[in-house]
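Geometric and topological summary
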Amino acid sequence: MKTEFTSDQRTNPIIQAIEENLRKCVHCGFCLSACPTYSVLGDERDSPRGRIYLIKDMLEQGGAPNPEIVTHVDRCLSCLACMSACPSGVHYQHYIDHARAYVEEHHQRPWFDSVLRAALAIVLPYAGRFRLALRLAKFAQPVAFILGSQLAAMINMAPANIQKPTLPDGSQIYPAEGQRKKRVALLLGCAQKVLRPSINEATIRLLTRLGCEVVVSNDVGCCGALTHHLGKDDAARDFAQANIDAWQSEIDGEGLDAIVINAAGCGTEVKDYAYLFKEDPAYRELAQKISDLTKDISEIVADLELPSAAVIHLPAVVYHDACSLMHGQGITVAPRQQLQSVGFDVAEIPGRHYCCGSAGSYNLLQPEMAGQLKDQRIGGLDDVLSENGAQILATGNIGCLVQLASGTDIPIVHTVELLDWATGGPRPDNL
Ligand code: SF4
Ligand code: SF4
């Protein structure tokens, strides 16, 4: 793709990287059919190729972006299906991340939008604030309709049961059962801790059962993905820096074999810390080390030996690929294999490469598109369930789990909860 950045713009290393990336795009359009927003809207400006052009124009021209471009940037889910589809290796993730940061810096949003985004950035990444916000939302549900459709949609997403924290406060070390094979740090996440604490409990039980000593540091917080996807890069870097410092201090102490992440969206973010700090000489190498050590839970389980199933009759499962796991980290086989190896039959959802509409805070900011994608994903599920006798939906990301749970009565669990149950843990309480 031909670019027209000025020589002055080309002195900026970020523009240099973007230009190099853009030159890989050969306009072939293979990415279009992979894009969920293009599939729904049929508008090239809501496709990856269309957005690439719009963002290129925005960056070349500089200054305040055209609001129309902002609309199409905002509608992108960052699901990265286009990256999996692209034969030329265009790195869309870094491109859209930069576009969001550019919009955040140069565009004056309508006041409601600005306030909403600021509120999400200061609430969602903090478990205590998020729990309080959910309680208030539950209280407001009966009168939510008077607050306008977007706010009402957000308030109505608050779950019926808001659970209390179940893991002890502060830094913890969970010893390995039997001989220690690995020492790993676990990221508990922020939203996940509040929405489904059983996922972290199951992860700790499974990892310790498989021979890992699990370290949870109180100084590790949100991975930064929520603010990063809002274009608030400085805030994302602050979260990332605190996490890097905390994990580095564990590495300097007793050492770490891996940093384990059980929320696919967070895993994709931490694996990209190296890029986030690319221009920061003080953190570049540390960030690279942390990204290299980071593994999705399915990757660390693959390195260990899963025991045979402790439960005899396990139900069949439909597996939903989280975009951040499938497209962001290229992990599709391991979770299925692990479920099968402990005795679950695994069935597929049609159109598995399409996003369910969760995408971080996307379902809060773009509820209409998110709702259509959820309906698309859930439609056809009944056929799969009746064909395969499946009774459970499993996924590797809390965002997808909450999004899909709001559209179906089928019980939804994290894959790790099933692996834990099958190998000696308790049956997930919603099954
Ligand atoms: S990230 Fe997803 S929604 Fe955005 S352009 Fe790519 S495929 Fe489309
Ligand atoms: S598939 Fe890749 S090369 Fe082809 S149009 Fe899309 S981004 Fe460009």
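Per chain, the residues get numbers from 1 upward, laid out in the order the sequence is written. For naming, the first written chain is A and the first written ligand is 1, with later ones following in the order written. Thresholds applied to this predicted model are a pLDDT of at least 70 for local features of residues and 80 or more for the giving and counting of side-chain atom pairs; totals over whole chains, interfaces and linings are not thresholded and use all residues. Side-chain measures were taken over the full set of non-hydrogen atoms in the model, leaving aside hydrogen atoms and water.

Before going further, it helps to spend a moment on the domain arrangement of the chain. Domain boundaries assigned for the chain yield domain 1 (9-106), domain 2 (172-302) and domain 3 (307-422). Relative placement of domain 2 and domain 3: their C-alpha centres are 23 Å apart. By definition, residues are in contact when any of their heavy atoms lie within 4.5 Å. Taken together, the 26 residues of domain 2 in the interface contact 25 residues of domain 3. Here domain 2 and domain 3 share an interface that buries about 1900 Å² over both sides, 63% of which is from carbon and sulfur atoms. Any carboxyl oxygen of Asp or Glu that lies within 4 Å of a side-chain nitrogen of Lys or Arg is treated as forming a salt bridge with it. Inspection of the domain 2/domain 3 interface yields 3 salt bridges. Residues arginine 196 and glutamate 417 are paired through a salt bridge, measuring 3.5 Å at the closest nitrogen-oxygen approach. Whenever a nitrogen or oxygen atom comes within 3.5 Å of another N or O atom, the pair is scored as a polar contact, on the condition that within protein one atom can donate a hydrogen and the other can accept it, and that pairs from neighbouring residues in sequence are kept only if both atoms are in side chains. Remark: the boundary between domain 2 and domain 3 carries 15 residue pairs in polar contact (both at pLDDT 80 or more). Every element with two or more residues in the side of domain 2 that touches domain 3 is listed here: helix H10 (191-195), helix H11 (197-209), helix H14 (264-271) and helix H17 (297-303). When residues in the side of domain 2 that touches domain 3 are grouped by element, the largest group, 7 residues, is from H11. Here the bounds of each domain stem from an automatic or database domain assignment. Summed over both partners, the accessible area (1.4 Å probe) lost when two parts come together is defined as the buried area. For helices the rule is a DSSP run of H or I covering at least 4 residues; for strands it is a run of E covering at least 2, with both sets numbered from the N terminus onward.

Here we take up the site of ligand 2. Throughout this document, a residue counts as near a molecule or strand when at least one of its heavy atoms sits within 4 Å of that molecule or strand. Lining the immediate surroundings of ligand 2 are 13 residues, of which Cys25, Cys28, Gly29, Cys31 and Cys86 lie closest. Three residue categories are used. Nonpolar comprises Ala, Val, Leu, Ile, Met, Phe, Trp, Tyr, Cys and Pro, charged comprises Asp, Glu, Lys and Arg, and polar comprises the others, including Gly. Taken together, the residues of the shell around ligand 2 sort by class into 9 nonpolar, 3 polar and 1 charged.

The phi torsion at serine 78 lies on the positive side, around 60°, for a residue other than glycine. As for its position among the elements, serine 78 is in the loop between helix H4 (67-75) and helix H5 (81-85). Burial status follows relative accessibility: with a 1.4 Å probe on protein chains alone, a residue under 20% of its type maximum counts as buried, one over 50% as exposed, and anything between as partly exposed. Here serine 78 falls in the buried class, since its relative accessible area comes to 14%.

Listed as buried for helix H1 (residues 13-22) are Ile15, Ile18, Glu19, Asn21 and Leu22. The buried residues of H1 occupy an angular sector of 160° when projected down its axis, which confines them to one face. The secondary structure elements touched by the buried residues of H1 are helix H3 (48-61) and helix H6 (92-106). Its side-chain oxygen 2.8 Å from the backbone nitrogen of isoleucine 14, asparagine 12 forms the N-cap of H1. An arc is given here, and it is the one of the directions from the helix axis to the C-beta atoms.

Right, let's get into the sheet that holds strand E7 (residues 346-348). We call two strands paired when DSSP finds no fewer than two bridges between them. Strand order in the open sheet made by the 4 strands is E7-E6-E8-E9, with parallel pairing throughout. Sheet topology places E7 and strand E9 (412-414) at the edges, where each strand pairs with a single neighbour. Adjacent strand axes in the sheet meet at a mean angle of 40° when their direction is disregarded. Direction of pairing for strand E6 (residues 316-320) relative to strand E8 (residues 390-395): parallel, over a ladder of 5 bridges. Looking at the pairing, histidine 320 lines up with threonine 395 of E8. Axis definition: a line fitted to C-alpha atoms, over the contacting stretch in the case of helices. Angles run 0 to 180 degrees between N-to-C directions.

Here we take up the state of the cysteines. Any cysteine sulfur atom paired with another within 2.5 Å is treated as part of a disulfide. Under the counting rule described, the total for this entry stands at 0 disulfides. The closest cysteine sulfur to the non-disulfide-bonded cysteine 355 is located on cysteine 323, 3.9 Å from its own sulfur. A relative accessible area of 4% means that cysteine 355 is categorised as buried.

Further remarks concern the site of ligand 1. Close to ligand 1 lie 13 residues, the nearest being Cys35, Arg51, Cys76, Cys79 and Cys82. Counting only elements with at least two residues in the shell around ligand 1, the list comes to helix H2 (36-41), H3 and H5. Taken together, the residues of the shell around ligand 1 sort by class into 10 nonpolar, 2 polar and 1 charged.

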